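Per-entry structural report
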Amino acid sequence: QVQLVESGGGLVQAGGSLRLSCAASGRTFSSVAMGWFRQAPGKEREFVAAIRSGDTIYYKDSVKGRFTISRDNAKNTVYLQMNSLKPEDTAVYYCARSLYYSESALSQPQFYDYWGQGTQVTVSS
């Protein structure tokens, strides 16, 4: 059983920064892909970023240049550094684990098998 626990969310003004963390249990962390998704009220869950075991990275177009995903395999943790935050970034952010590797699969929530509980990010204007 894999458990994912997010932290680091909060309230920030537009233009500010937050760093989300996702701590994972299990011994296979380094060999799997990890992703971040977000869900705003009344909207579907959407892909934000993913990082493969070999550190290949994919981003949603609207966060490129502002968000950075990274992982520390020694700590079983994946991070999402979010800079230049905008009100439209407001959402619950989830980390998730995937056994897939293609960009197409990693951008879709149905290809992830374990999810964290989510952490709220609110960006005020």
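Figured I'd write up the structure that's included with this text. Just so you know, these numbers come straight off a predicted model, no measurement behind them. By convention here, each chain's residues receive numbers from 1 onward along its written sequence. At least 70 in pLDDT is required for a residue's local features to be given in this predicted model, at least 80 for side-chain atom pairs to be given and counted, and no such filter applies to totals for whole chains, interfaces and linings, which use all residues. To get the side-chain values, take all heavy atoms of the structure and skip hydrogens and water.

Quick look at the pattern of salt bridges now. Salt bridge, as applied in this entry: a Lys or Arg side-chain nitrogen positioned within 4 Å of an Asp or Glu carboxyl oxygen. Per the counting criterion, the structure on display carries six salt bridges. Lys 60 is the salt-bridge partner of Glu 46, the closest N and O atoms lying 3.3 Å from each other. Taken together, the residues Glu 46 in strand β5 (residues 46-51) and Lys 60 in the loop between β6 (57-59) and β7 (67-72) connect sequence positions 14 residues apart. Given a relative accessible area of 24%, Lys 60 falls into the partly exposed group. The closest approach of N and O atoms between Asp 89 and Arg 66, which form a salt bridge, is 2.8 Å. Of the two residues, Asp 89 sits in the loop between β8 (77-82) and β9 (91-98) while Arg 66 sits in the loop between β6 and β7, which places them 23 residues apart along the sequence. An identical accessibility class is assigned to Asp 89 and Arg 66; each is buried. Among the ionic contacts, a cluster of salt bridges with common partners joins Arg 38, Glu 46, Lys 60, Arg 66 and Asp 89. For helices the rule is a DSSP run of H or I covering at least 4 residues; for strands it is a run of E covering at least 2, with both sets numbered from the N terminus onward. Exposure categories follow from relative accessible area, calculated using a 1.4 Å probe and restricted to protein chains: below 20% of the type maximum is buried, above 50% is exposed, and the middle band is partly exposed.

In this analysis, rings of Phe, Tyr and Trp, with Trp reduced to its six-membered ring, are considered paired at centre separations within 6.5 Å, and the interplanar angle assigns stacked below 30 degrees, edge-to-face beyond 60, and tilted for intermediate values. Summed over the entire model, instances satisfying the criterion amount to six aromatic pairs. Centroid distance Phe 37 to Phe 47: 5.7 Å. Interplanar angle 75°. Geometry classified as edge-to-face. Here Phe 47 lies in strand β5 and Phe 37 lies in strand β4 (residues 33-39), a separation of 10 residues in the sequence. Phe 37 gets classed as buried once you look at its relative accessible area, which sits at 0%. Between Tyr 100 and Phe 111 the ring centres are 4.9 Å apart and the planes differ by 75°, which places this aromatic pair in the edge-to-face class. Separated by 11 residues along the polypeptide, Tyr 100 in the loop between β9 and α1 (103-106) and Phe 111 in the loop between α1 and β10 (112-115) bring together distant segments of the chain. Three or more aromatic residues joined by ring pairs make a cluster, and in this case those are Phe 37, Phe 47, Tyr 94, Tyr 112 and Trp 115. By definition here, charges over rings are those cases where NZ of Lys or CZ of Arg is within 6 Å of the ring centre and within 35 degrees of the ring normal. Above the plane of the ring of Tyr 94 lies Arg 45, whose end atom (NZ or CZ) is 3.8 Å from the centre.

A word on the sheet that holds strand β1 (residues 4-7). Here, any two strands with at least 2 DSSP bridges between them count as paired. If you trace the four strands from one edge of the open sheet to the other, you get β1-β3-β8-β7, paired in antiparallel fashion. Two strands close off the open sheet at either side, each with one partner strand: β1 and β7. Across the sheet, the axes of successive neighbouring strands diverge by a mean angle of 15°, strand direction being ignored. Bridge count for strand β3 (residues 18-24) against β8 is six bridges, and the pairing is antiparallel. Within β8, the position partnered with Arg 19 by the bridge is Gln 81. In this description, a line fitted to the C-alpha atoms serves as the axis of each element, helices being fitted only across the stretch in contact, and the angle between N-to-C directions of two axes falls anywhere from 0 to 180 degrees.

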